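Below, each chain spelled out in residue letters.
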Amino acid sequence: MTKMRVFLPVFMLFFCFLTAQSQSKDTASKVAVLVVGHLEMNVDRAIDEMNRVGNFFTHHGYKVYKFYDRNARWDKIAKVAGDCDFFVYAGHGAAPEKKDIPGILCIDSMISSRELARKVTFRKKAVVINHTACYAAGSSASDEKDIGAAEASRRVQQYANAYFSVGASAYFANNFEGGMVNFLKSFFAGKTLSQSFTASCPKNVTLESEKPLPGDKAKTLAITSTSCGEIKTRLVYSFSENGTVEEIKEIPCSKSYDITYMGPPGLLLADLRQSR
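In this numbering scheme, every chain counts its residues from 1 along its sequence in written order. Only residues with pLDDT of at least 70 are given local features in this predicted model, and only at 80 or more are side-chain atom pairs given and counted; all residues enter the totals for whole chains, interfaces and linings. Calculated side-chain values reflect all of the structure's heavy atoms, with hydrogen atoms and water omitted.

Q: Sorry if this is basic, but what is going on with the packing of aromatic side chains here?
A: Geometry of an aromatic ring pair is reported as the spacing of the ring centres plus the angle between the planes. Geometry of aromatic contacts follows a simple scheme: Phe, Tyr and Trp rings, the Trp one being its six-membered ring, pair when their centres are within 6.5 Å, and the pair is stacked under 30 degrees between planes, edge-to-face over 60, tilted otherwise. For the structure shown, the criterion picks out 14 aromatic pairs. Measuring from ring centre to ring centre gives 5.0 Å for Phe 57 and Phe 86, while their planes differ by 45°; the resulting arrangement is tilted. Of this pair, Phe 57 sits in helix 2 (residues 43-59) while Phe 86 sits in strand 3 (residues 86-90), placing them 29 residues apart in sequence. Among the aromatic residues, those joined into a cluster by ring pairs are Phe 56, Phe 57, Tyr 62, Phe 86 and Phe 188. For Lys 219, the ring lying beneath its charged end belongs to Phe 164, and the centroid distance is 4.7 Å. Labels follow the DSSP assignment, with helices taken as runs of H or I lasting at least four residues and strands as runs of E lasting at least two, numbered in each case from the N terminus. Note on criteria: charge over ring means Lys NZ or Arg CZ within 6 Å of the ring centre, with the direction from the centre no more than 35 degrees off the ring normal.

Structure (structure tokens):
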């Protein structure tokens, strides 16, 4: 009996230790990587927006890695990106070329889609989110006229495909303030990818199309447009090869394309957890 009295407390302590370790690992296994490239006069605003996203993930038990502005170094990002559940980027983008996006991430250097594929594989089928990156949601700061929904869709598909090729499960881009958090709130509340995309759209946004991809019926591509309303003019930016602004000019306002998703429309957060 004496031996039993000694053994049971020790066993229970050991069991509690294993349980605590297991819970700790489960929490640590949920990872979000947040990246903000250098955005000249808008970098502080982008960081504030990304911190709200980071706070959301922290509240839900995720380990959050932040790589902001001058600290957004590719060697460090690539080391942790492969094990993330969510990969979130705000910064400049680049015009997609036939087989490459020269600056899918504009950080300490221009990280191309080829370099992304060379260094990163999303082992946990990460959801990729883009914010304010030119071309990533359709429109670019260098567009001088309405590019049309077809061209916006082409750009989005090339951006999304670069991430799907390295294991992403879904792609979402929203250039509006608060759009990322609104999407995540809906997604974490048990809504589908399509429903969460809708929840992130302000009232002044028009759904241009939401339909399966011709070559991949499992995935849907959705495109929205935003009209100018009372706004008569807007600024157009031209960029150098390293992503810095070279010229700013004012032109008449035209329709823009700022919110999109690509992926299985019925995808749920629970599906991501099961795929680990």
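Having seen the model, we can carry on.
Q: It is not clear to me how the sheet that holds strand 7 (residues 170-174) should be interpreted in this structure. Could you clarify?
A: Two strands in a sheet stick together by hydrogen bonds in their backbones, pointing the same way (parallel) or opposite ways (antiparallel). An order of 2-1-3-6-7-12-9-8 is seen for the 8 strands of this open sheet, with the pairing classed as mixed. Taken across any chain shown, the strands that pair with only one partner, and hence form the sheet edges, are strand 2 (63-68) and strand 8 (205-213). The average angle at which neighbouring strand axes cross in this sheet is 10°, direction not considered. When DSSP locates at least two bridges between a pair of strands, those strands are taken to pair. Two strands pair when backbone bridges link them, and strand 7 and strand 12 (residues 259-263) are joined in this way by 4 bridges, in the antiparallel orientation. Of the residues in strand 12, the one forming a bridge with Phe 172 is Tyr 261. Pairs of residues are marked as contacts when any of their non-hydrogen atoms sit within 4.5 Å. The convention used is that axes are lines fitted to C-alpha atoms, helices contributing only their stretch in contact, and that angles between N-to-C directions extend from 0 to 180 degrees. Most of the contacts of helix 2 go to strand 1 (residues 31-36), to which it runs at about 175°, and overall it touches strand 1, strand 2, strand 3 and strand 6 (127-131). Sheet contacts for helix 3 (residues 74-81): strand 1, strand 2 and strand 3; angle to strand 2, the most-contacted strand, approximately 160°.

Q: What's the story with the nonpolar core in this structure? I'm lost.
A: Nonpolar side chains in soluble globular proteins tend to end up buried together. Residues belong to one nonpolar core when they are buried, are Ala, Val, Leu, Ile, Met, Phe, Trp, Tyr or Cys, and are joined through side-chain atoms within 4.5 Å. The classification of residues rests on relative accessible area computed with a 1.4 Å probe and restricted to protein chains. Under 20% of the type maximum is buried, over 50% is exposed, and intermediate values are partly exposed. Residues Phe 87, Phe 122, Tyr 163 and Tyr 171 are the most contacted members of the largest nonpolar core, which totals 46 residues. Within the residue set of this core, elements represented by two or more residues are strand 1, helix 3, strand 3, strand 4 (105-106), helix 5 (149-164), strand 7 and strand 9 (216-226). Looking at this core, the element that brings in the most residues is helix 5, giving 7 residues. Leaving out residues up to four positions away in the same chain, Phe 87 has contacts with Val 33, Val 35, Ile 77, Ala 81, Leu 105, Phe 122, Val 127, Val 128, Ile 129 and Tyr 163. Ranked by size, the runner-up nonpolar core spans 35 residues in total, among them Met 50, Met 180, Phe 197 and Ala 222.

Q: Looking at this model, I keep getting lost on helix 3. Mind explaining?
A: It helps to recall that an α-helix has 3.6 residues per turn; residues three or four apart then point in one direction. Three or more residues of helix 3 are buried, namely Trp 74, Ile 77, Ala 78, Val 80 and Ala 81. In this structure, the buried residues of helix 3 make contact with strand 1, strand 2, strand 3, strand 4, strand 5 (110-111) and helix 4 (113-119).

Q: Teacher, can you tell me more about the pairing of strand 7 here?
A: Every other side chain in a regular strand lies on the same face of the sheet, so the side chains alternate between the two faces. Counting buried positions along strand 7 yields 5 of 5 residues, so the element is predominantly enclosed. Of the two faces of strand 7, the one carrying Ala 170, Phe 172 and Asn 174 and the one carrying Tyr 171 and Ala 173 are both buried. As paired elements, strand 6 and strand 7 share 4 bridges and run parallel to each other. Following the sheet pairing, Val 127 is matched in strand 7 by Ala 170. Here, the term right-handed applies to a crossover whose path from the first strand over the helix to the second runs clockwise when the strands point away from the viewer. A crossover links strand 6 with its parallel partner strand 7, the connecting element being helix 5, and its sense is right-handed.

Q: Would you explain the confidence of the model for the protein chain in this entry?
A: A low pLDDT score tells you not to read the predicted coordinates there in detail. Values of pLDDT, ranging from 0 to 100, describe the predictor's confidence in every residue of the model. Chain-level pLDDT for the protein chain is 87 on average; 82% of the residues reach the 70-or-more range. Across residues 1-27 the pLDDT falls below 50, and counting only partners more than four positions away or on other chains, this stretch makes 3 contacts in the model.

Q: Can you help me understand the environment of Ser 225 in this one?
A: Along the polypeptide, Ser 225 turns up in strand 9. You can call Ser 225 buried: its relative accessible area is 3%. Sequence separation of Ser 225 and Ser 209 is 16 residues, and the distance between their C-alpha atoms is 9.6 Å. Here Glu 208 takes part through its side chain, which lies 2.7 Å from a polar atom of the side chain of Ser 225. For the purposes of these results, a polar contact is taken to be a pair of N or O atoms within 3.5 Å, where, inside protein, one atom must be able to donate a hydrogen and its partner to accept one; residues adjacent in sequence count only when each atom of the pair is a side-chain atom.

Q: Would you take a moment to explain the pattern of salt bridges for this structure?
A: Two side chains bearing opposite charge may form a pair once their charged atoms approach each other closely. Criterion for a salt bridge: a side-chain nitrogen of Lys or Arg within 4 Å of a carboxyl oxygen of Asp or Glu. Tallied over the full model, the rule gives 13 salt bridges. The shortest N-O distance in the salt bridge between Arg 123 and Asp 83 comes to 3.0 Å. Separated by 40 residues along the polypeptide, Arg 123 in the loop between helix 4 and strand 6 and Asp 83 in the loop between helix 3 and strand 3 bring together distant segments of the chain. In this structure Asp 83 comes out as partly exposed when scored by relative accessible area, which is 36%. Close ionic contact of Glu 208 with Lys 255 constitutes a salt bridge, the shortest N to O distance being 3.4 Å. Of the two residues, Glu 208 is situated in strand 8 and Lys 255 in the loop between strand 11 (245-252) and strand 12; the sequence distance between them amounts to 47 residues.

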